[in-house]
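# Close look at the chain arrangement
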Amino acid sequence: MRYIIPDISKVVLLLTQLGGLKMEETLLMIPGPTKVAPRVLKAMSEAIINHRSAEFAEILTETNEMMSEIFQTDNPSYTITGSGTAAMEAAAGNILNKGDKILNIVGGKFGERFMQIAKAHGGVPIELKVEWGTAVNPEDVKNILDENEDIKAVTIVHNETSTGVTNPIEEVGNVLKDYDALYVVDTVSSLGGDDVAVDDYNIDICVTGSQKCLAAPPGMAAVTVSDDAWNWIDKVESSSYYLDIRKYRKYASNEPSETPFTPSISLMYAMREALDVIMEEGLESRIKRHKLAAEATKNGVKAIGLDLFADEEVSSATVTAINMPEDVTDKDMRGTMRDKYGIVLAGGQDHLKGNVFRIGHMGNVTYKDIVTTISALEMTLKGLGFDVELGKGVGAVADTYLASKKF
Ligand SMILES: *Cc1c(COP(=O)(O)O)cnc(C)c1O
């Protein structure tokens, strides 16, 4: 028997290179967290300062003002240290007295979450069940409101990340104009990537998170609140201490402006930088870029011969859910994409686990990311024995981009 003794320095070099490949070249095509620009990462390494200082107040105020601009509202916005769910909880925990009825529109994982949060804060949910993969019919919302005059609020998820569906928040907002119920919208995976006009859509409370289309690191959330909602909130006993939104309003109005508790200062630096990036690109251009990426992704996967999970006319601008082809496991498909091609896709959630996979195309997503992903998807499926004509999906992506005047 012969042993080959490896040259240890070569082994170390190889390992370093492999490590480097993993860190640098993995393409994150999931619906959050998304790729963060180097200048945003760099902002996080700035010195920690006193959070009750004029210097920090300026950063806080600027960030909150930019948030209102992105929400497209004249109402004030507040940043909260916590993930997107914290903002959902801030919404539900400040508008419900024990036993208040709330209408929750549930067509996926996040709609369900909003209902559970409402319940945790004493609300009595009325669930409007929407088949996963489809959008809510605004007429159904109207009917339930007519039958239940005492509904205090309606929650809806704009972009249901678990199914890749966009709900018609403008149309539902039109319905709600004729009712007293507060309109509460989760735009965690759409704000900065799809149309969200809080004032035009009659939205009372809108929530979002940092790590999706805004392309900041995870850990920050934001909420904006209308005058109607404030009138209501002032009459309700908040069921949360940390997320009592009145504290955020009060401290923001201090001189200098503050947050009630110590915020993640580093994340606030990153948030401001990420919002600056959005302002530089322009919100409108950014949304167009997302819509084009979604169109290219859908055309690419369809050209490969795969089926979309969501109804196409309501499919998301920021995440595409695709039916897992028969005869392949999620482990093989997404595993090959990740390990062989360095591209991370998301799986399905709950009963969609193993049956659906999702391509996130949100944040700083570019043509290069889409074409690489679709190319790797072709190679993966071919490698797993599917009859795939290489280049078809990639061609459809290229055609989509070339046909667009926005590109
Ligand atoms: C990601 C997401 C959230 C919040 O999730 P966190 O993990 O708490 O940031 C809420 N709603 C939707 C639609 C989301 O996509």
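Residues numbered from 1 in each chain as written. Predicted model: local features only at pLDDT ≥ 70, side-chain atom pairs only at ≥ 80, totals over all residues. Heavy atoms only, no water.

### Focus on the overall build of the protein
- Summing up its helical and strand segments, the protein has 14 helices and 14 strands in all.
- Taking 22 Å as the expected radius of gyration for a compact globule of 407 residues, we find that the protein reaches 23 Å, a close match to that expectation.
- A principal-axis box enclosing the C-alpha atoms of the protein has dimensions of 80 × 50 × 50 Å.
- A total of 407 residues make up the protein; the buried ones form 56% of that total.
- Contacts in the protein between residues far apart in sequence, at least 24 positions, make up 71% of those at least 6 positions apart.
- Carbon and sulfur atoms provide 51% of the accessible area of the protein, an area that totals close to 18,500 Å². (Helix = DSSP H or I, 4+ residues; strand = E, 2+ residues; numbered from the N terminus. Rg over C-alpha atoms; globule rule 2.2 N^0.38 Å. Buried < 20%, exposed > 50% of the residue type's maximum accessible area, 1.4 Å probe, protein only. Contact = heavy atoms within 4.5 Å. Areas by Shrake-Rupley, 256 points an atom, 1.4 Å probe, with all protein chains shown as cover.)

### Section: the pattern of salt bridges
- Considering all chains together, one arrives at 19 salt bridges under this definition.
- Note that Glu258 is salt-bridged to Arg52, the shortest N-O span being 2.8 Å. Taken together, the residues span a long stretch of sequence, with Glu258 in the loop between helix 9 (245-252) and helix 10 (265-281) and Arg52 in the loop between helix 2 (38-43) and helix 3 (54-71) at a distance of 206 residues.
- Residue Arg52 is classed as partly exposed on the basis of its relative accessible area, which comes to 31%.
- Salt-bridge contacts for Asp146 lead to Lys142; the nearest nitrogen and oxygen are separated by 3.5 Å. Taken as a pair, Asp146 and Lys142 lie in helix 6 (residues 138-147) at a separation of 4 residues, close to a single helical turn.
- Linked through salt bridges whose partners overlap, the residues forming this network are Arg39, Glu273 and Glu280. (Salt bridge = Lys/Arg side-chain N within 4 Å of Asp/Glu carboxyl O.)

### A short note on the sheet that holds strand 9 (residues 205-209)
- If you walk across this open sheet you meet the 7 strands as 2-10-9-8-5-3-4, and the pairing is mixed. The strands lining the two open edges of the sheet, one partner per strand, are strand 2 (77-81) and strand 4 (124-129). Neighbour-to-neighbour, the strand axes of this sheet turn through a mean angle of 20 degrees, independent of strand direction.
- As paired elements, strand 8 (residues 182-186) and strand 9 share 3 bridges and run parallel to each other. Residue pairing across strands places Val184 opposite Ile205, the latter belonging to strand 9.
- Docked against the sheet, helix 6 engages strand 3 (101-106), strand 4 and strand 5 (151-157), running at close to 145 degrees with respect to strand 4.
- Sheet strands touched by helix 9: strand 2 and strand 10 (220-225). Its angle to strand 2, the strand with the most contacts, is close to 115 degrees. (Pairing = 2+ DSSP bridges. Axes fitted to C-alpha atoms, helices over the stretch in contact; angles between N-to-C directions.)

### Focus: the domain arrangement of the protein
- The assigned domain composition of the protein is domain 1 (9-30 + 283-403) and domain 2 (39-280).
- Buried surface at the junction of domain 1 and domain 2, both sides included, amounts to about 2,100 Å², of which 56% is carbon and sulfur.
- Per-residue buried area on domain 1 facing domain 2 is highest for Leu283, Arg286 and Gln349; these three make up 26% of the total on that side.
- Between Lys291 and Asp195 there is a salt bridge; the shortest N-O distance is 2.5 Å.
- Connecting domain 1 to domain 2 are 11 residue pairs in polar contact (both at pLDDT 80 or more).
- Elements with a contribution of two residues or more to the side of domain 1 that touches domain 2: helix 11 (283-304) and strand 11 (319-323).
- Residue composition of the side of domain 1 that touches domain 2, grouped by class: 10 nonpolar, 8 polar and 5 charged. (Domains from an automatic or database assignment. Buried area = accessible area lost by both parts, 1.4 Å probe. Polar contact = N/O pair within 3.5 Å; in protein donor to acceptor, adjacent residues only side chain to side chain. Nonpolar A, V, L, I, M, F, W, Y, C, P; charged D, E, K, R; others polar.)

### Considerations on unusual backbone geometry
- Following Gly32, the chain continues to Pro33 via a peptide bond in cis, the omega torsion being 0 degrees.
- Position of Pro33 relative to the elements: it lies in the loop between strand 1 (27-28) and helix 2.
- For the bond from Glu255 to Pro256, the omega torsion is -5 degrees, close enough to zero to count as cis.
- In the Ramachandran plot, Asn202 falls in the positive-phi region, its phi being about 70 degrees despite a non-glycine side chain.
- Counting through the fold element by element, Asn202 comes out in the loop between strand 8 and strand 9.
- If you check the backbone angles, Asp327 has positive phi at about 70 degrees while not being a glycine.
- Look at Asp327 and you get exposed, because its relative accessible area is 79%.

### Things to note about the environment of Asp276
- Note on placement: Asp276 falls in helix 10.
- On a C-alpha basis, the gap between Asp276 and Ala398 in space is 30 Å, while along the polypeptide they are 122 residues apart.
- Among residues more than four places away in sequence, those in contact with Asp276 are Arg39 and Met66.

### A closer look at the packing of aromatic side chains
- Tallying each qualifying case throughout the model produces 5 aromatic pairs.
- Feature note: the residues Tyr241, Tyr242, Tyr248 and Phe261 constitute an aromatic cluster, connected by ring pairs.
- A cation over a ring is seen here: Arg249 above Trp230, with NZ or CZ 4.1 Å from the ring centre.
- Sitting over the face of the ring of Tyr251, Lys250 holds its NZ or CZ atom 4.8 Å from the ring centroid. (Phe/Tyr/Trp six-rings, centres within 6.5 Å; stacked < 30°, edge-to-face > 60°. Lys NZ or Arg CZ within 6 Å of the ring centre and 35° of its normal.)

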